[in-house]
Amino acid sequence: MPSTPAKTPRLTGEALHAGYESRRVLDGVDLAVAEGQLTVLLGPNGSGKSTLLKTLARTLTPSAGRVCLDGQDIHRRNTREVAQRLGILPQGPSAPEGLTVRQLVGMGRFPHRRLWRQDAERDARAIHAAMAYTDVAAFAERSVDALSGGQRQRCWIAMVLAQETDLILLDEPTTFLDLKVQVDLLELLSRLAHEHGRTLLLVLHDLNLAAAYADRLVMMRDGRIVTSGTPRDVFTATHLKGVFDLDARVLEDPETGSPICVPTPRRGARPSARPASPTVDRRCIS
Ligand SMILES: Nc1ncnc2c1ncn2[C@@H]1O[C@H](COP(=O)(O)OP(=O)(O)OP(=O)(O)O)[C@@H](O)[C@H]1O
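On a predicted model such as this, the values are computed, not experimentally measured, just so you know.

**Student:** Please set out the sheet that holds strand S3 (residues 38-42) residue by residue, giving values where relevant.
**Tutor:** An order of S6-S7-S8-S3-S9-S10 is seen for the six strands of this open sheet, with the pairing classed as mixed. Unpaired on one side and paired on the other, strand S6 (86-89) and strand S10 (224-229) mark the two borders of the sheet. Taking each pair of neighbouring strands and ignoring which way they run, the sheet shows an average axis angle of 15°. Bridge analysis of S3 against strand S8 (residues 199-203) gives four bridges, and the strand direction is parallel. Residue Leu41 lies in a different strand from S8, and its bridge partner there is Val203. The sheet contacts of helix H9 (residues 237-244) involve strand S9 (216-221) and S10, and relative to S10 the element is tilted by about 160°.

Here it is, written out as structure tokens:
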């Protein structure tokens, strides 16, 4: 993958209100996406995570407030220029029938192409690197619609990586992936942030994976940000109850120190014959 970007991007949302026709979703969101870090947006279904991502990526225009990229209103900036800085993978993307993996990944190069100037060599290098990084090169010539859900998801991520943007926004990128592949993907995204200086903002539903890999967590509910900060700051039983209405204990991973959420089953939902507790040194931290 290419080295650290020369200039670190700065993406902020200021007092954002946004929604769909008569439906108001975002209700005064302020967010500065931490540069060169991996931030994960968490919240219950329908809390406005995708709406926030789309608004930050200027797919959706806010009804009030503004999104700034490097201090300038993103809606006043040239579309191609924004696409060279910011890549977004929406939820459940779909590819035209028969499109091969290589062609899909190549679509990530569109913002860098011009009618009168094309750098075929740089495009080929970026496509090759993105496919190698996401481990999809083996099926480069296969049709995207003939792949498994997990393989397809990796191809979409390769497309975003081929765009070579400093800012990467991914909406539920781990959907369809088995646990091992989810972990591999989060390690890859974490390396992009920490070794290559990219700024990543992801929506995830797995609380424990989010707490293990994120530098920062942002929790949303009802179109507002309830809390944000490091996983240890944000991942508390009080926030899990307040944001997700989830009864859970928060323990500490004895090796990494990351917080772990353990839902508390309600009476009657517990298995009747419980196995003996494993002798793991887990300390309750909240
Ligand atoms: N295109 C749309 N038109 C109208 N309403 C929409 C549209 N997209 C989303 N909504 C509504 O906006 C609200 C927020 O949706 P959004 O997709 O942002 O939530 P989310 O937190 O990403 O949810 P999930 O975790 O289920 O993906 C929901 O009530 C949803 O029904």
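**Student:** Please provide a residue-by-residue account of the confidence of the model for the protein chain, values included.
**Tutor:** Overall, the prediction assigns the protein chain a mean pLDDT of 88, with 88% of residues at 70 or greater. Low confidence marks residues 2-7, where pLDDT is under 50. Its contacts with residues over four positions away, or in another chain, come to six contacts. Interface scoring of the predicted complex returns ipTM 0.98; its pTM is 0.87.

**Student:** Outline the site of the ligand, supporting the account with residue identities and numerical values.
**Tutor:** Around the ligand, the neighbouring residues are Tyr20, Arg23, Val25, Gly43, Asn45, Gly46, Ser47, Gly48, Lys49, Ser50 and Thr51. Elements with a minimum of two residues in the shell around the ligand: strand S2 (23-33) and helix H1 (49-56). Among the residues forming the shell around the ligand, the class breakdown is two nonpolar, seven polar and two charged.

**Student:** Please provide a residue-by-residue account of the nonpolar core, values included.
**Tutor:** Generally speaking, soluble globular proteins have nonpolar side chains that are buried together. One finds Val105, Ala158, Leu169 and Leu217 to be the most contacted residues of the largest nonpolar core, which totals 69 residues. Sequence-distant contacts of Leu217, defined by excluding residues within four places in its chain, comprise Val40, Leu42, Ala210, Ala211, Ser228, Gly229, Pro231, Val234 and Phe235.

**Student:** Tell me about the environment of Arg77, and please be specific about residues and values.
**Tutor:** Relative to the assigned elements, Arg77 resides in the loop between strand S5 (72-73) and helix H2 (79-85). Considering only alpha carbons, one finds Arg77 and Arg249, 172 residues apart in sequence, at a separation of 46 Å. Not counting chain neighbours up to four residues away, the residues in contact with Arg77 comprise Leu69, Gln72 and Val82.

Procedures and definitions
- Residues numbered from 1 in each chain as written.
- Predicted model: local features only at pLDDT ≥ 70, side-chain atom pairs only at ≥ 80, totals over all residues.
- Pairing = 2+ DSSP bridges.
- Helix = DSSP H or I, 4+ residues; strand = E, 2+ residues; numbered from the N terminus.
- Axes fitted to C-alpha atoms, helices over the stretch in contact; angles between N-to-C directions.
- Contact = placed C-beta atoms within 7 Å.
- pLDDT = per-residue confidence, 0-100.
- Near = placed C-beta within 6 Å.
- Nonpolar A, V, L, I, M, F, W, Y, C, P; charged D, E, K, R; others polar.
- Core = buried A, V, L, I, M, F, W, Y, C linked by C-beta atoms within 7 Å.
- Buried ≥ 20, exposed ≤ 12 C-beta atoms within 10 Å, placed from the backbone.

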